[in-house]
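# Working through the structure, step by step
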Amino acid sequence: MRCKNRLISTALVFHRSKSFILSQRHDLFCRLSSSFIDQQPSANDVIFVAMSAGVDSSFVASEMSSKFKTVVGVYMENWTIPRTSTKERWQRGNKRLPSRIQSNPAKVQAYLEDQARRDKEMAQSAATCAEVDWNDVQTLGKYLNIPVIRISLERDYWTDVFWPMISGYEEGATPNADVTCNRNIKFGKLYDQVCRIATEKYAGRKWWLATGHYARIARHETTGRLALLQPVDASKDQSFYLSTIDRSRLHNLIFPLHEYNKKTVRQLAMERDLPTAYRPDSHGLCFVAPNPGAAAAKKAHQEGRKLPRSTGYAHFRDFLDEFLDPNPGNIVTVDGEVAGTHNGLWHATIGQRSGVTMAQHDPNLRGIWYVVDKRVARNEIVIARGNKNRWLFSTAMNCKDWVWMIEHDEIDDILNHSELPVQARWRPLQAKVPVKAVHVFPGGGGGGGGNHQITVEFENPEHGVTYGQTAVLYVGDRVIGGGIIEDRKLPPETFKMETNQRTMDETHL
């Protein structure tokens, strides 16, 4: 009988005496229950601050410049392409009316007017979102009396983040570009550039890269090992987005916001009269929904008015439509009945409303229908009635490209500790759910990166597990690893459903 919360390796066999295992368990308990100590730069260290012009990174720059002598702001430029106008998109054949409004003339007219307004506002803007942000970063640098440098990583971003994201959506997945960007760009290529600059200009001095992430990196007071931890403000927890970065780089990273909540950061930024204090929080990719500049945000605040709606895209799928050609297919029920059509698999997300209106006079069709699957081979979106239907639940998920945020011997400890409370997330701020077992497959015992694979069994069937999403495992508030959901296992009642190749069968585990 499997012990509760036990993690099992199918790749390794452990032959250990009872006393050795008990000793290992005691050692692990001490590691988990003891406190962690924050990394503290020395007075002579060089602090590089990744500055996006948002209030969080601006506050970090302010904090660092008040405490350390050598602080350098670094602006990372990933996107300089302006929005394509609606007219151009239609002429190019990559634009069509959203299916949700096609049959409603009033909604069609409102949609076209809204698109025209957005196009006009974007055309009137003299700079792309990158230029607006860079101008604000320079203004803040002058205010804080620190130098700022601009590093273009646009080509790397397109290669390592953007096109993989577009390909994922085209194939029916739901990728998380922020997770990929953190791993490959911000704490990948940008980290490398900062390291080069530090070596060339500040040889012999310890350097750090500070960012505005709400997460914590701390050193265990007994083992001296670094850990990625959740912050004080659970509502802004960004440890999820950092779960796959190379752990060997933690020793040069600091996240000063881990002990603050967002409200306090905003208030302190205003009290310090930081030029960017009134900029609204960003939501997603800046080129999808760009923020107004610092001056416009401050003026709106002083005049007591709300900022106008974003000049970006009304829906993320509208942005995807610029890069993906239409790929029409059927929307079908779990019983195989055709209920409608779609323009591409990226127009739907598992667990969300389908947008299909069924005959409400029919008791078998009445209610709201949700997306429960995507059959890539058939180019079909599958829907079922109600958001608690059994088709939306999973008992396990298979993850690829798994990255451990713990050391090798700590993985062994976890595999031998039956009472360790392991929890999982596959959405950034969802409540963590209990895990019954983790199966580590050959190649999955390493860290850093690669094609490591694991299977996570849930304590109870869980809702909305989606192919392509990031999955993260936690022990308490510590991140122990992250990877990409490749497939899922359905509850026993659903095995009669015809599923695509991404749904595991009963024998997979």
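In what follows, the accompanying structure is described.

About the thresholds
Residues numbered from 1 in each chain as written. Predicted model: local features only at pLDDT ≥ 70, side-chain atom pairs only at ≥ 80, totals over all residues. Heavy atoms only, no water. Buried < 20%, exposed > 50% of the residue type's maximum accessible area, 1.4 Å probe, protein only. Helix = DSSP H or I, 4+ residues; strand = E, 2+ residues; numbered from the N terminus. Pairing = 2+ DSSP bridges. Right-handed = clockwise from strand over helix to strand, strands pointing away. Core = buried A, V, L, I, M, F, W, Y, C linked by side-chain atoms within 4.5 Å. Axes fitted to C-alpha atoms, helices over the stretch in contact; angles between N-to-C directions.

Take the pairing of strand β4 (residues 70-77) next. Across a regular strand the side chains alternate sides, sitting on one face of the sheet and then on the other. Buried residues dominate β4, accounting for eight of its eight residues. Burial along β4 is two-sided: T70, V72, V74 and M76 facing one way and V71, G73, Y75 and E77 facing the other are all buried. Here strand β3 (residues 46-50) pairs with β4 via five bridges, running parallel. Paired with V46 across the two strands is T70, which belongs to β4. Remark: the β3/helix α2 (residues 55-67)/β4 crossover connection has right-handed handedness. Pairing geometry for β4 and strand β5 (residues 148-152), over five bridges, is parallel. Counterpart to M76 in the pairing with β5 is I151.

A few words now on the nonpolar core. Counting residues in each nonpolar core, the largest one holds 46 residues, and the members touching the most others are F48, L209 and L253. Elements represented by at least two residues in this core include exactly β3, β4, α6 (154-170), α7 (177-201), β6 (207-210), β8 (226-229), α10 (316-320) and β18 (470-475). With ten residues, α7 is the largest single contributor of residues to this core. Within the second largest apolar cluster, 29 residues are counted, among which are V49, W134, Y214 and Y278.

By way of backbone hydrogen bonds, the strands of a sheet pair with one another, either parallel or antiparallel. In spatial order, the strands read β11-β10-β13-β12; together these four strands make up an open sheet with mixed pairing. Across the chains shown, the open sheet's two edge strands, defined by having one partner strand only, are β11 (338-342) and β12 (369-375). Neighbour-to-neighbour, the strand axes of the sheet open up by a mean angle of 30°, direction not taken into account. Pairing of strand β10 (residues 329-333) with strand β13 (residues 380-385), which is carried by three bridges, proceeds in the parallel orientation. Opposite V332, over in β13, you have V382 as the bridge partner.

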